[in-house]
Amino acid sequence: MTTMPKAEVSLPSDSEVKVTRQFKAPRDLVYQAYTRPELVARWLLGPPGWEMPVCEMDVRVGGDYRWRWRNQEDGSEFGFHGSFSEVDPPARLVHTQHYDAGDVGGDMGEAALVTVALSEKDGITTVTTVVDFRTKEARDGAVSTGMTDGMEMGYQRLDQVLAERAGQ
């Protein structure tokens, strides 16, 4: 399996986080990994020791999703839920993201807007994710949790999932 460079993180505005990561896989395959619950639950995990017991997704405009994570050691939980406002396979997904703190963290304000854009060149898919937290305070609070480090840990798992699927 080819190791891809780590995600590039930037703050394009006072309320946004932009994360760009490349994957050695066709765009269609990466899109599937972002939209099929059985695949999402395998890679969207963050640090070791977490599992995703709830991964429900109705990927269509107006469709809802619900994700919930549980710490395998102490049982603490948190999650996200929202609705898809744009679904353009295999190029783009846009959804709201409401934080459900559960036992982890506090209020992150109003829902964030997440835009995921996928492009492919020479078998390499670039995924650009922009999370608009609506306020600087909400953005800075999310970034301070180690959010982008957790995203990269998930992306490394996604590299493995994609390598497995490419071999099918």
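The rules behind the values
Residues numbered from 1 in each chain as written. Predicted model: local features only at pLDDT ≥ 70, side-chain atom pairs only at ≥ 80, totals over all residues. Heavy atoms only, no water. Core = buried A, V, L, I, M, F, W, Y, C linked by side-chain atoms within 4.5 Å. Buried < 20%, exposed > 50% of the residue type's maximum accessible area, 1.4 Å probe, protein only. Helix = DSSP H or I, 4+ residues; strand = E, 2+ residues; numbered from the N terminus. Contact = heavy atoms within 4.5 Å.

**Student:** Help me get a handle on the nonpolar core, residues and values and all.
**Tutor:** Core analysis: the largest hydrophobic core is formed by 40 residues, its most contacted members being Tyr34 and Trp67. Among the elements that line this core, the one with the most residues is helix α4 (residues 147-166), at six residues.

**Student:** Quick rundown of the environment of Pro26? Include the residues and the values.
**Tutor:** Take Pro26: it is sitting in the loop between β2 (16-23) and α1 (27-35). The exposure class assigned to Pro26 is partly exposed, which follows from its relative accessible area of 40%. Along the primary structure Pro26 and Thr125 are separated by 99 residues, whereas in three dimensions their C-alpha atoms are 6.1 Å apart. Those residues within four positions of Pro26 in sequence are excluded, and the remaining contacts are Glu120, Gly123 and Thr125.

**Student:** Quick one: what's the story with unusual backbone geometry, residue by residue and with numbers?
**Tutor:** For the bond running from Pro89 to Pro90, omega is -10 degrees, close enough to zero to count as cis. With respect to the element layout, Pro90 can be found in the loop between β5 (77-88) and β6 (92-100). Backbone geometry places Asp122, a non-glycine residue, at a positive phi of 55 degrees. Assignment of secondary structure puts Asp122 in the loop between β7 (112-121) and β8 (124-132). Under the relative-accessibility criterion, Asp122 is labelled exposed at 71%. With a phi close to 80 degrees, Arg134 is a non-glycine residue in the positive phi region. By secondary structure assignment, the location of Arg134 is in the loop between β8 and α3 (136-144).

Keep in mind these values describe shape, not function.
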